[in-house]
Amino acid sequence: MTAVAAEPDAPGLLTQARWAVSDTLTITRRNLLVWMRVPAYIVFTVIQPVIFVLMFRYVFGGAILVHVRGGYVNFLMPGIIAQTAAFATFGTAIALAQELKKGVIDRLRSMPMARSAVLTGRLVADTGRMTVTILIVLGVGYAVGFRFQNGVLPAIAMVLLAILFGLSICCIAAFTGLAIGDEESVQAFGLIWLFPITFLSSAFVPIATMPGWLQAFANNQPVTYVVDTMRALALGGPVEANLWKSLVWLAGIYVVFVPLAVRAYKRAA
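Our subject in this report is the structure included herewith. (Residues numbered from 1 in each chain as written. Predicted model: local features only at pLDDT ≥ 70, side-chain atom pairs only at ≥ 80, totals over all residues. Heavy atoms only, no water.)

**Concerning the overall build of the chain**
Check the secondary structure of the chain and you find 11 helices and zero strands. For the chain, the N- to C-terminal ordering of α and β elements is α-α-α-α-α-α-α-α-α-α-α. Each principal axis of the C-alpha atoms in the chain carries an extent, and together these give about 90 × 35 × 35 Å. Out of the 269 residues belonging to the chain, those deemed buried represent 47%. Taking the intrachain contacts of the chain between residues at least 6 apart in sequence as the baseline, contacts between residues at least 24 apart amount to 79%. Summed over all atoms, the accessible surface of the chain reaches about 13800 Å², with 69% contributed by carbon and sulfur. In the chain, 19 positive and 11 negative side-chain charges are present, and the distance between their average locations comes to 6 Å. (Helix = DSSP H or I, 4+ residues; strand = E, 2+ residues; numbered from the N terminus. Buried < 20%, exposed > 50% of the residue type's maximum accessible area, 1.4 Å probe, protein only. Contact = heavy atoms within 4.5 Å. Areas by Shrake-Rupley, 256 points an atom, 1.4 Å probe, with all protein chains shown as cover. Lys, Arg positive; Asp, Glu negative; His and termini not counted. Charge placed at Lys NZ, Arg CZ, Asp CG, Glu CD.)

**Digging into the state of the cysteines**
With the rule as written, the count across this model stands at zero disulfides. Cys 170 carries a free sulfur, and the closest cysteine sulfur to it, the one in Cys 171, is 7.0 Å from it. Given the relative accessible area of 4%, Cys 171 is considered buried. (Disulfide = S-S within 2.5 Å.)

**Some thoughts on the pattern of salt bridges**
Per the stated rule, a full pass over the model turns up six salt bridges. Measuring nitrogen to oxygen at the nearest pair gives 2.6 Å for the salt bridge that ties Glu 99 to Arg 30. Of this pair, Glu 99 sits in helix 4 (residues 90-102) while Arg 30 sits in helix 1 (residues 13-36), and the two are 69 residues apart along the sequence. A relative accessible area of 11% means that Glu 99 is categorised as buried. In this structure, the salt-bridge partner of Arg 122 is Glu 99, at a minimum N-O distance of 3.2 Å. Here the residue Arg 122 occupies a position in helix 6 (residues 117-143), and Glu 99 occupies one in helix 4, the gap between them amounting to 23 residues. We classify Arg 122 as buried; its relative accessible area is 8%. Each of Arg 30, Glu 99, Arg 122, Asp 126 and Arg 129 takes part in salt bridges that share partners, so that together they form one network. (Salt bridge = Lys/Arg side-chain N within 4 Å of Asp/Glu carboxyl O.)

**With respect to the environment of Ile 27**
Along the chain, Ile 27 turns up in helix 1. According to the relative accessible area criterion, Ile 27 is buried, its value standing at 6%. Measuring from C-alpha to C-alpha, the distance between Ile 27 and Ala 117 comes to 6.7 Å, with 90 residues separating the pair along the chain. Ignoring anything within four residues of it in the chain, the contact list for Ile 27 reads Leu 108, Met 113, Ala 117, Val 118, Gly 121 and Arg 122.

**Things to note about the layout of surface pockets**
There is about 750 Å³ of room inside the largest pocket. Forming the walls of the largest pocket are 32 residues, and the residues nearest its centre are Tyr 41, Thr 45, Phe 90, Gly 91 and Arg 129. Contributions of two or more residues to the lining of the largest pocket are made by helix 1, helix 2 (39-60), helix 3 (72-87), helix 4, helix 6 and helix 8 (183-199). A total of seven residues in the lining of the largest pocket trace back to one element, the largest contributor, which is helix 4. In the lining of the largest pocket, the residues fall into 17 nonpolar, nine polar and six charged. (1 Å grid on protein atoms, 1.4 Å probe; cavity = no way out; pocket = protein on both sides within 12 Å on 5 of 7 lines; lining within 4 Å. Points joined across faces, edges and corners; volume = space filled by probe spheres on them. Nonpolar A, V, L, I, M, F, W, Y, C, P; charged D, E, K, R; others polar.)

**Observations concerning the packing of helix 4 against helix 7 (residues 152-180)**
The interhelical angle for the contact between helix 4 and helix 7, taken along N-to-C directions, is 30°, at an axis separation of 8 Å. Viewed along their axes, helix 4 and helix 7 adopt a mutual orientation that is roughly parallel. Read as a crossing pair, helix 4 and helix 7 show a hand that is right-handed. Judged by residue contacts, Thr 92, Ala 93, Leu 96, Ala 97 and Leu 100 of helix 4 engage Cys 170, Ala 173, Ala 174, Thr 176, Gly 177 and Leu 178 from helix 7. Class assignment of the residues belonging to the contact of helix 4 with helix 7 gives a composition of eight nonpolar, three polar and no charged. (Axes fitted to C-alpha atoms, helices over the stretch in contact; angles between N-to-C directions. Parallel < 35°, antiparallel > 145°, perpendicular 65-115°, else oblique. Left-handed = near helix turned anticlockwise from the far one by under 90°.)

**Structural notes on the packing of aromatic side chains**
Applying the stated rule across the entire model yields 14 aromatic pairs. Arranged with centres 6.2 Å apart and planes meeting at 55°, the rings of Phe 52 and Phe 199 form a pair that is tilted. Here Phe 52, found in helix 2, pairs with Phe 199, found in helix 8; they are 147 residues apart in sequence, far enough to count as distant. Judged by its relative accessible area of 28%, Phe 199 is partly exposed. (Phe/Tyr/Trp six-rings, centres within 6.5 Å; stacked < 30°, edge-to-face > 60°.)

**Side note on the side chain of Thr 224**
As for its position among the elements, Thr 224 is in helix 10 (residues 222-235). Residues contacting Thr 224, with those up to four places away along its chain left out, are Ser 201, Ser 202, Ile 207, Ala 218 and Asn 219.

Don't take any of this as a statement about function, it's just geometry.
What follows is the structure in C-alpha cells.
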C-alpha cells in the first residue's frame, strides 16, 4: 500500500497579507536606495519647485494683488505645495516605464514574492520621496516669508491633504507609465495634462482675474478644490465645502485609476 504525501496547507489570508506587506517594504527600500544613490536626481527633484517658489515670490508676486493675511507669499505656498505633489509623480511614471522597458518588472515578478509588491512598493517609495520634497519646499517658503496663520493641527492637515492629492496623481502616473511603456512619451504626456490642470486653477492667481470662459473650468476642477482647502487650512477660513469636494474628487480618482493601474500592471508582463 503506497503512502500518499499530504499536500501542505495553503497559507491563510493573514499570512498572505503579512507576506505582501513585507515584500512591499522590501521593494520600497530598493526604490529608495536607487533614489538615494543618484544625488543628481535628488537635486533636480527639489530644485524645480524651489525655482517656482522664488520666481513667483519675487518676479510675479509684486504684480499679483491678493487679499489674504501675509500677502501673496501666503496665497502662493499652498498652490506651490499642491503643484509639487502633482509634479513629483513624473518620477513614478518614468521609473515604471524604464523598468518595464528594461525587463526589471518581469524579473521581479518571476521571484517568489507578492505580485502586488512591485506596484505598491513603487507607490509607497514615491509617496515618501514626495513627502520629503514637500517639507523642503515648505522650509523654503518659510525662508521667503510664508507663515501658517491657523495653528499647528490645520498646518499638519494641509500637508496630509497635499500628500493624499499627490498619491492620487501617482495612481494616474502609474497607469500611464505602465500603459505607455516609453519614458520619453510618458514625460511628454505628463507635461500635456499636468501643466494645464495646475496653472488653470486657483494655485497661483485668483480665478476672478481669468477670462470668464476659463473661470468655469478653473472653478470646477480638483486642483482648485484641493488648493482652496489647503489655503483655508493654512490661513484660516471656511474649510468644509471645499474639503468635501476635494475628497470626492480624490476618491473618484482612486476608484478609477487604481484598477486601471493594476490592470496595466498585469498586462505589462
